[in-house]
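# Residue-level structural notes
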Number of protein chains: 2
Amino acid sequence: SHGRPEPSPAAKDAAPDHRTLGLQQELFITSIYSPGSPIFLPNGTRIFNRLVDFLRKQYIHYGFQEVITPTIYKKALWATSGHLENYAEDMYTVTSTSPSRAEVSEAGEEAEYGLKPMNCPGHCLIFASQNRSYRDLPIRYADFSPLHRNEVSGALSGLTRVRRFHQDDGHIFCRPSQIEDEIRKTLDFIRLTYKVFGLGPYRLALSTRPAQFMGAAEDWDQAEDALRRALDEGGKEWSINAGDGAFYGPKIDVILTDSDGKEHQTGTIQLDFQLPKRFNLEYAAPAPALERKGETTTDAALLAQYGPVQPVLIHRAVLGSAERLMALLIEHYNGKWPLWLHPRQAIVLTLNDTEPVVQWANHARDVLRGVSPGSPESVPAAPTGLAVDLDDSARGLGVKAREAARKGYGLVVVVGKNDVEAGQVTVNATALAPSDASAEELKKLKRMTMKPEELR
Amino acid sequence: SHGRPEPSPAAKDAAPDHRTLGLQQELFITSIYSPGSPIFLPNGTRIFNRLVDFLRKQYIHYGFQEVITPTIYKKALWATSGHLENYAEDMYTVTSTSPSRAEVSEAGEEAEYGLKPMNCPGHCLIFASQNRSYRDLPIRYADFSPLHRNEVSGALSGLTRVRRFHQDDGHIFCRPSQIEDEIRKTLDFIRLTYKVFGLGPYRLALSTRPAQFMGAAEDWDQAEDALRRALDEGGKEWSINAGDGAFYGPKIDVILTDSDGKEHQTGTIQLDFQLPKRFNLEYAAPAPALERKGETTTDAALLAQYGPVQPVLIHRAVLGSAERLMALLIEHYNGKWPLWLHPRQAIVLTLNDTEPVVQWANHARDVLRGVSPGSPESVPAAPTGLAVDLDDSARGLGVKAREAARKGYGLVVVVGKNDVEAGQVTVNATALAPSDASAEELKKLKRMTMKPEELR
Ligand SMILES: [Zn+2]
Ligand SMILES: [Zn+2]
């Protein structure tokens, strides 16, 4: 129904599974010692780091500032944030292993810590650590910290049902008058990101005020109106889940349809009227009574009066759980990664193990990596970030090429005597061919000669 | 005694303190809710991320592969690794906050977790997850995970005595015959890194076999000889702490002298004969009896016999604790960061708030950041990674310039009507001047005109 044919039953059986592909491509493993905490192998780590890199570049554009925040906080913080009351089921408690190192609270008991399931309280502490003015807002913090939530062990699976995960977490502290603009920008960020990854289609769902809610109905109405306007402006399909918002604010969910037609909730934008109150957050603004309602004035007398106003907090994640998004990407690409995300971008193979061939192969690898050969003293001038392996073993080219194909390398670069003499390499790029490539195009991609520099 | 004059008593009083500078430059804060877990503000996070970036670039050259590993492991793992026996004092225990979610062990008790103080056991799990051949070695894993160690609360201070920290942690699994080469490369990596940061001088200290030790004395002798040869080759001053090695292997410490003449242990290279045994690690090699001794043969009959051999494990950190190294760097630069590490690289100030001036100032910032202005649809083509702020408020230039100077911006870029017309900006770079710059040089740096592109 989204412009794709329904998969046939046979195709459904063969639907890619990120757990199988994760093993095959050596992306991640799991361990009985850390159920629900996947271990990312070098290949999976490369993909993970490229997702983070991609987001960091966007953060420059969208005005997010990254912060690094603690993993454990005293329970007093989780009491302030309301997590102890509402979220204890899913949390882990941290205590001293040795009683002699236990910290004692004022009540004479051990001061326990909570392992963080979310970053929001930490970001509220940062906001509260300085006096803030209306001129400083919006303030947008981003955080890639690992988070822990205690899922029951029976439910754990691969990268989709985990206990330890990373969100591309962000918190926007803004003036009431800035809500609409911030939502609009976030929707834009989401559209850009899913387009770059080729994921989708997705739809947006607005969850509105529930029967039990916190704050003034008037504030809710205003905020929901701002969300609606931003959604309309975004031009994307959206729907309403009436009364389905959290008690502390309305939200927009990103619901992604995968190639099997299955829906997954990924990104989210959640307004929060409560946490800023719990943490007593405020900023100074002129005409505070109007400011609170998101209104402005030109009345000089009103503008001369400054007062404290509570900022609006927007929790937002574009990818959602990086782990779950990786699972979706693994299945989406089904092992055929685009070059920029490819965990095994290139391998250089030698036709024989004579010295000139091995030397030229090493040189080709250095050029591809952007490493200055033979100068360990200097910082590599311009590392390309490409993951390039080298197989200069004495084994036959056939064996090495089959192994490279089995491992799914994007580019297979072969170096023989003729290549050394011509100052070139021979490249097989068929693994990167689009699925609708013609036989002629494939033939061309199978054997290209070029200078190593031209490959970057 | 290291070529620097002894600081006078007055200078000593004024010695930079990273805690004061950290507040002044808005690098990090601490919280009563997370004693010993510093919170990195955006400025501190920028420096932290640049340290990680720098290391990642070197990892390409030095053959390290980054992995992402769990934060909590079941206590059974810490029993295997020996941490429960030898390190429990410093560890934290993790349990379910809600009893209903507790996992029950075979003995009917709650299966507890340990919050990791080190990455080594996780890296051993990765090594053990596949069959390894002598051809695969050395295998080098790198990890930037947060680590937790339970320091007593009275000892906590700034970034130097903490409970949560990040090591630039690495583990090398190698053949006995590869020890010397790996140590040599690691010493080279250390030399390069401290040179780039301008830190030092440092000395190297080799700690040798203690009275109580594990393994065969012969293996110790061989390993210590390899370390000595690598140290000699490195050409750096080094000394011996006889009998001061850990019971599981000899080590080399990097001992850095700061500008006050105070010594700090930063990097470390630790051989380990024990952990590979505890985790039953092995790789397949021909002539295993010789392989174990680090010897080779050309005897075809011996080479035809494959058998399992225990790899040598080398723990190594170049910076050591990233937090402590940041403290050293903060005090070393005393707020005057080199541009590449500068948390506030540039700010663009407007001379007035007319539209052409504000527009040109925004354009200049976009150019400096490498962001394509006005095209949110496209991925920024070539983000420079520069941290660039903009003050286009209606306040006077004097006020804005003084604020920028107080905040310590590296480059102060001013845009006025004349600049718009000439397609240029006016740059003050005196904050980046070397401490021995002449009055004439300073005057030149104070007022340079150029195109925005020339600033990148
Ligand atoms: Zn949040
Ligand atoms: Zn270690």
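Summary of the structure given here.

Rules behind the numbers
Residues numbered from 1 in each chain as written. Chains lettered and ligands numbered in written order. Predicted model: local features only at pLDDT ≥ 70, side-chain atom pairs only at ≥ 80, totals over all residues. Heavy atoms only, no water. Donors = N, O, S within 2.8 Å, 3.2 Å for Na, K, Ca; no water. Helix = DSSP H or I, 4+ residues; strand = E, 2+ residues; numbered from the N terminus. Buried < 20%, exposed > 50% of the residue type's maximum accessible area, 1.4 Å probe, protein only. Axes fitted to C-alpha atoms, helices over the stretch in contact; angles between N-to-C directions. Left-handed = near helix turned anticlockwise from the far one by under 90°. Contact = heavy atoms within 4.5 Å. Nonpolar A, V, L, I, M, F, W, Y, C, P; charged D, E, K, R; others polar. Least-squares fit on C-alpha atoms with pLDDT ≥ 70 in both. Phe/Tyr/Trp six-rings, centres within 6.5 Å; stacked < 30°, edge-to-face > 60°. Lys NZ or Arg CZ within 6 Å of the ring centre and 35° of its normal. Polar contact = N/O pair within 3.5 Å; in protein donor to acceptor, adjacent residues only side chain to side chain. Pairing = 2+ DSSP bridges. Expected span 1.5 Å × (residues − 1). Salt bridge = Lys/Arg side-chain N within 4 Å of Asp/Glu carboxyl O.

## Things to note about the coordination of the zinc ion (ligand 1)
All names here are of chain A. For the zinc ion (ligand 1), the full set of protein donor atoms is C120 (SG), H171 (NE2) and H315 (ND1), at a range of 2.0 to 2.4 Å. Positions of the donor residues of the zinc ion (ligand 1), expressed as sequence spacing, correspond to C-x50-H-x143-H. Within this pair, whereas C120 is found in helix α6 (residues 120-128), its partner H171 is found in strand β9 (residues 164-174), the two being separated by 51 residues in sequence. What makes C120 buried here is its relative accessible area of 4%. Residue H171 is classed as buried on the basis of its relative accessible area of 1%.

## Here we look at the coordination of the zinc ion (ligand 2)
Within the protein, the zinc ion (ligand 2) binds to C120 of chain B (SG), H171 of chain B (NE2) and H315 of chain B (ND1); these donor distances fall in the range 2.1 to 2.4 Å. In this structure H315 of chain B comes out as buried when scored by relative accessible area, which is 13%.

## Points about the packing of helix α3 (residues 42-62) of chain B against helix α7 (residues 179-197) of chain B
Residues and elements named next belong to chain B. Packing of α3 against α7 brings their axes to within 12 Å, and their N-to-C directions diverge by 145 degrees. For the pair α3 and α7, the sense of crossing is right-handed. Of the residues in α7, those touching α3 at L51, F54, L55, Q58, Y59 and Y62 are K185, D188, F189, L192, T193, V196 and F197. In terms of residue class, the contact of α3 with α7 is built from nine nonpolar, two polar and two charged.

## Points about the relation of the copies chain B and chain A
Mapping chain B onto chain A leaves a residual RMSD of 0.0 Å; the transformation is a rotation of 180 degrees accompanied by 0.0 Å of translation along its axis. As the rotation angle and translation indicate, the two copies are arranged about a two-fold axis. Minimal C-alpha distance to the rotation axis in chain B is attained by V94 of chain B, lying at 2.3 Å. Of the interface residues in chain B, 100% have counterparts in chain A that sit at the interface too, so the contact is made through matching surfaces.

## Points about the packing of aromatic side chains
All chains considered together, the criterion is met by 36 aromatic pairs over all chains. The lysine or arginine in question, R132 of chain A, covers the ring of F127 of chain A, its NZ or CZ lying 5.3 Å from the ring centre. Against the face of F213 of chain B rests R209 of chain B, its NZ or CZ located 5.1 Å from the ring centre.

## A closer look at unusual backbone geometry
Residue and element names in this part refer to chain A. L137 connects to P138 through a cis peptide bond whose omega is -5 degrees. Tracing the chain through its elements places P138 in the loop between α6 and β7 (139-143). Non-glycine residue N280 carries a positive phi angle of around 50 degrees. Along the chain, N280 turns up in the loop between α9 (275-278) and β14 (283-286). Overall, N280 belongs to the exposed group, its relative accessible area being 63%.

## Some thoughts on the side chain of H166 of chain B
Residue and element names in this part refer to chain B. If you trace the backbone, H166 turns up in strand β9 (residues 164-174). A relative accessible area of 6% places H166 in the buried class. Looking at H166, its side chain comes within polar contact range of the side chain of E323, at 2.8 Å.

## Some remarks on the environment of R149 of chain B
Here R149 of chain B is to be found in the loop between β8 (146-148) and β9. Of note is the side chain of R149 of chain B, whose polar atom sits 3.0 Å from the backbone oxygen of P117 of chain B.

## Side note on the sheet that holds strand β4 (residues 72-74) of chain B
If you trace the six strands from one edge of the open sheet to the other, you get β4(A)-β6(A)-β5(A)-β5(B)-β6(B)-β4(B), paired in antiparallel fashion. At either margin of the open sheet sits one strand with a lone partner, and together these are β4 (72-74) of chain A together with β4 of chain B. Shown here is a sheet whose adjacent strand axes are inclined to one another by a mean of 35 degrees, direction ignored.

## Some details on the sheet that holds strand β20 (residues 425-428) of chain A
Residue and element names in this part refer to chain A. One open sheet accounts for five strands, arranged β18-β17-β19-β20-β21; its pairing is mixed. The open sheet is flanked by β18 (388-391) and β21 (448-450), the only strands paired with a single partner. With strand direction ignored, the average angle separating the axes of adjacent strands in the sheet is 25 degrees. With four bridges connecting them, strand β17 (residues 346-350) and β18 associate as parallel partners. When the sheet's bridge partners are listed, A346 is paired in β18 with V388. Those strands touched by helix α16 (residues 439-446) are β20 and β21, and its axis lies near 145 degrees from that of β20.

## Quick word on the pairing of β20 of chain A
All names here are of chain A. Across three bridges, strand β19 (residues 411-415) lies against β20 in antiparallel orientation. Within β20, the residue paired with V413 across the bridge is V427. Direction of pairing for β20 relative to β21: antiparallel, over a ladder of three bridges. In the strand pairing of β21, V425 is matched with M450.

## Observations regarding helix α12 (residues 322-333) of chain B
Residue and element names in this part refer to chain B. Along its twelve residues, α12 runs 16 Å from first to last C-alpha, staying within 8% of the 16 Å computed at 1.5 Å per residue. α12 sits mainly inside the fold: nine of its twelve residues count as buried. All of the buried residues along α12 are A322, E323, L325, M326, A327, L328, L329, I330 and Y333. Between the side-chain oxygen at the start of α12 and the backbone nitrogen of E323 there is a gap of 3.3 Å, and the oxygen is on S321.

## Focus: the pattern of salt bridges
Residues and elements named next belong to chain B. Taken as a whole and judged by the stated rule, the model has 48 salt bridges over all chains. In this structure, D17 engages R19 in a salt bridge whose closest nitrogen and oxygen atoms are separated by 2.7 Å. In this structure D17 comes out as partly exposed when scored by relative accessible area, which is 23%. Among the residues examined, R19 registers a relative accessible area of 41% and is labelled partly exposed. The closest approach of N and O atoms between E103 and K74, which form a salt bridge, is 3.3 Å. A residue pair is termed long-range when its members are at least 10 positions apart, and E103 in the loop between β5 (92-96) and β6 (113-115) and K74 in strand β4 qualify at 29 residues. Each of the two residues, E103 as well as K74, counts as buried.

## Overview of the environment of K407 of chain B
Residues and elements named next belong to chain B. If you trace the backbone, K407 turns up in helix α14 (residues 397-407). On the accessibility criterion, K407 (27% relative accessible area) is partly exposed. Distance in space between the C-alpha atoms of K407 and A284 is 58 Å, their sequence separation being 123 residues.

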